[in-house]
Amino acid sequence: MSGWLRRALVLSLATTAPVSAQEAPAPPVAAKKPHQVKAPFGATREDEYYWLRDDTRKNPEMLAYLKAENAYADAVMAPTKPVQETLYKEIVGRIKQDDSTVPYLDNGYWYYTRYETGGNYPIVARRKGEMTAPEEIILNQPEMARGANFFQVGGRQVSPDNRLLAYAEDRVGRRQYVLKVKDLTTGQTLTDAIPNAQPGFAWAGDNKTIFYIEKDPVTLLGKRVKAHVLGTPVSRDRLVYEEKDDTFSLGIGVTSSEKFICIFSSKTVSDEQRCAPVDDPATFTVLAPRERDFLYSADHVADAWVIRTNWQAPNYRLMTVPEKVAGQGRSAWKDIVPHSADVFIEGFQPFDKHLAIEERSGGNKRLRILSDTGKSSFVEADEPAYAMALSTNAETGTDWVRYTYNSLTTPSTVIEANMQTGERRTLKVTPVPGYDKSKYVTERVWATARDGTKVPVSLVYAKGFRKDGSAALFQYAYGSYGYSTDPGFSPMLPSLLDRGMVYAIAHIRGGQEMGRKWYDDGRMFNKKNSFTDFIDVTEYLVKAGYAKKGRVAAMGGSAGGLLMGAVTNMAPQDYGAIITLVPFVDVVTTMLDASIPLTTGEYDEWGNPENKASYDYMLSYSPYDQLARKAYPAIFVGTGLWDSQVQYYEPAKYVARLRTLKTDRNPLLFRVNMEAGHGGKSGRFERFREQAEYLAFALDQLKVK
């Protein structure tokens, strides 16, 4: 950041009065309307704001309330506009405008995406044989998005003969895609258009049949796998498979060998995979039948299947079975990498002569290479908190594996390693204009939770930072679905660190940073461990001198928004600001309604409230139900009207009820994006406008200059 820009920011902060309820206009008041939510076993709860739910998104009274909340947020945040603009310019200034990805080779073509200066959307292109060949633009997304309030491409797949491109397009933000096909030889989009499709599809070997997943129009669950033959009516598409169990979700893809199309049925505690030859996909054969507490996924290379499974291996092991005896079931599976109590196997990529494995150990994600001779080696890292991940590796007949390296101080770096010799070469370090890595320090500490569990915490701060207990802290976590939050660089980080803040990621239970047990200890009847871990990390960091008590901003989104809601109810005194985005806060009501997307597939994550024991436990932490008449910290809530994952009415009801109960004068803001869904606005830069707003809110509340 330049000196004049830093001085301008300090001046704008010094001359801007803090946001306070005393200076702001009166907040909107939502009407209360009696409504009882009933459980099958007889329990009832009063939900006076249930009327805010409108699945059509057209109710004038509801829309008027949301617009009033936006107007109120505008008024309260008006004094921070200069800071928002400065933050936005800082963040966007760290993004190379005309950037492009590292090209990867697939079936004779080099594929990449590139941005033009000022462009919100990428151009997807390829070159035949060599990168010196003429460029072929296969998706000109800036042109495709012209005039759209929201635009997103969800997945793409080129036909085996390289002539056709299948892609999914969303113009609403509700993740209900239209599957389209483009002829890459003529540049024309075919008349075939399949509505209500799920991203992810597979071409058959005939180059004219596409296998895709059709969503249920109400629950948005992927329910049916169908085969569409180009040029024929969608109404005549062949039903290939229908998932009868609503607790399972569907996926589809082609193996690394490109010999098989596979259909994946998955839920938290069970998997099933059925596959058919690409050249004759008439009959799909199950590799191993579904069974509760049995998880697996298989990929094919050369003439064998490689399988990641938790069968007698809580942290997973890797097994293999020759293609010709795969029909014999698990009895024919043999170990490649046995189970370890200390190492969690997260993923793998098979090659003809090697196997690349993503592992977690000590809270970090690392890469291990296993050769066909049995030799094992690790890719080294130089920082205490980092993450490695497999990148695109479309060709299996190579000795080179491509992966990414990332940390809180190191921008995403694409690297190739020779699996035979160990040679490494850096292909690209994401350019960050004006950023100097040497100015910052990353650290890994371990906070002791109230039950004695050691919780890993990734930290970053400016070099020269003193742990004197006076700093402001920005703490983030997720902690659900076994999703691990790796320490990765973000262009917004220097904007916090240069102002003397500390940034922390709490790797709480509910993720899988420390293995499968870490996940199991943060779900179902152990869910409260996620919340207390987060609070205990905050208290540890304050006690250790990284921050001042109360001068802490906490942030989470989606299921991390549930975390924020629970933490706010349990320990409001520990936080000066809470930022909760698209938050899942009405746990019991949502999980009682099987028509809501995601509900049925998450009974093994939260519990099924039709069961009294689960109902009572979920109710005991549900943020909406646990709101009480007491003082709360300053809170910023964000959502999207078209959100398909966490419906807009959950945070709307939460804010409406909280306004009637909070006894403090701290601001409670509700920002509703009327043209977006779960991920916010589309486009490369738009999300940074939203980010600048909630960061300005946090800086203001924590009195960061």
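Located above this text is the structure these notes cover.
Residues numbered from 1 in each chain as written. Predicted model: local features only at pLDDT ≥ 70, side-chain atom pairs only at ≥ 80, totals over all residues. Heavy atoms only, no water.

Visitor: Describe the sheet that holds strand β3 (residues 104–106), naming the residues involved and giving the relevant values.
Guide: Spatially, the four strands line up as an open sheet ordered β3-β4-β5-β6, and their pairing is antiparallel. Across the chains shown, the open sheet's two edge strands, defined by having one partner strand only, are β3 and β6 (136–140). Taking each pair of neighbouring strands and ignoring which way they run, the sheet shows an average axis angle of 30°. (Pairing = 2+ DSSP bridges. Helix = DSSP H or I, 4+ residues; strand = E, 2+ residues; numbered from the N terminus. Axes fitted to C-alpha atoms, helices over the stretch in contact; angles between N-to-C directions.)

Visitor: Could you give an account of helix α13 (residues 649–661), naming the residues involved and the relevant values?
Guide: With 13 residues, α13 ought to run about 18 Å at 1.5 Å a step, and its terminal C-alpha atoms sit 18 Å apart, in line with that. Counting buried positions along α13 gives 12 out of 13 residues, so the element sits mostly inside the fold. Along α13, the residues classified as buried are Y649, E650, P651, A652, K653, Y654, V655, A656, R657, L658, R659 and L661. (Expected span 1.5 Å × (residues − 1). Buried < 20%, exposed > 50% of the residue type's maximum accessible area, 1.4 Å probe, protein only.)

Visitor: How would you sum up the nonpolar core? Please name residues and give values.
Guide: Core analysis: the largest hydrophobic core is formed by 75 residues, its most contacted members being L66, F534, L541, Y575 and Y654. The contact partners of Y575, leaving out residues within four places of it in the chain, are F534, I535, T538, G550, V552, A554, V567 and P633. Core analysis: the second largest hydrophobic core is formed by 45 residues, L87, Y435, M555 and A634 among them. (Core = buried A, V, L, I, M, F, W, Y, C linked by side-chain atoms within 4.5 Å. Contact = heavy atoms within 4.5 Å.)

Visitor: Report on the pattern of salt bridges, specifying residues and quantitative values.
Guide: For the coordinates displayed, the defined rule picks out 55 salt bridges. Where E358 meets K365, a salt bridge forms, and the shortest distance between an N and an O atom there is 3.7 Å. Side by side, E358 and K365 carry an identical accessibility label, which is buried. Put simply, D586 and K653 hold a salt bridge, and the shortest N to O gap is 2.6 Å. Linking D586 in the loop between β35 (577–581) and α9 (587–591) with K653 in helix α13, this pair joins segments that are 67 residues apart in sequence. Residue D586 is classed as buried on the basis of its relative accessible area, which comes to 1%. Residue classification places K653 among the buried positions, given a relative accessible area of 2%. Through salt bridges that share partners, R45, D47, D586, D625 and K653 make up one connected network. (Salt bridge = Lys/Arg side-chain N within 4 Å of Asp/Glu carboxyl O.)

Visitor: Could you give an account of the packing of aromatic side chains, with specific residues and numbers?
Guide: For the structure on display, the rule yields 29 aromatic pairs. A ring pair is formed by W311 and W333, whose centres lie 6.0 Å apart and whose planes are at 80°; its orientation type is edge-to-face. One end of the pair, W311, is in the loop between β19 (304–309) and β20 (317–322); the other, W333, is in the loop between β20 and β21 (334–337), and 22 residues separate them in sequence. Residue W333 is classed as buried on the basis of its relative accessible area of 6%. Pairing F525 with Y617 gives two aromatic rings, centres 5.5 Å apart and planes at 55°, and the pair type is tilted. Of this pair, F525 sits in the loop between α6 (516–520) and α7 (528–543) while Y617 sits in helix α11 (residues 612–619), and the two are 92 residues apart along the sequence. F525 gets classed as partly exposed once you look at its relative accessible area, which sits at 44%. The class of Y617 is buried, set by a relative accessible area of 16%. Put simply, the rings of Y478, Y481, Y483, F584 and W606 pair up and form one aromatic cluster. Sitting over the face of the ring of W400, R425 holds its NZ or CZ atom 3.6 Å from the ring centroid. Above the ring of Y88, the side-chain terminus of R689 is found at 3.6 Å from the ring centroid. (Phe/Tyr/Trp six-rings, centres within 6.5 Å; stacked < 30°, edge-to-face > 60°. Lys NZ or Arg CZ within 6 Å of the ring centre and 35° of its normal.)

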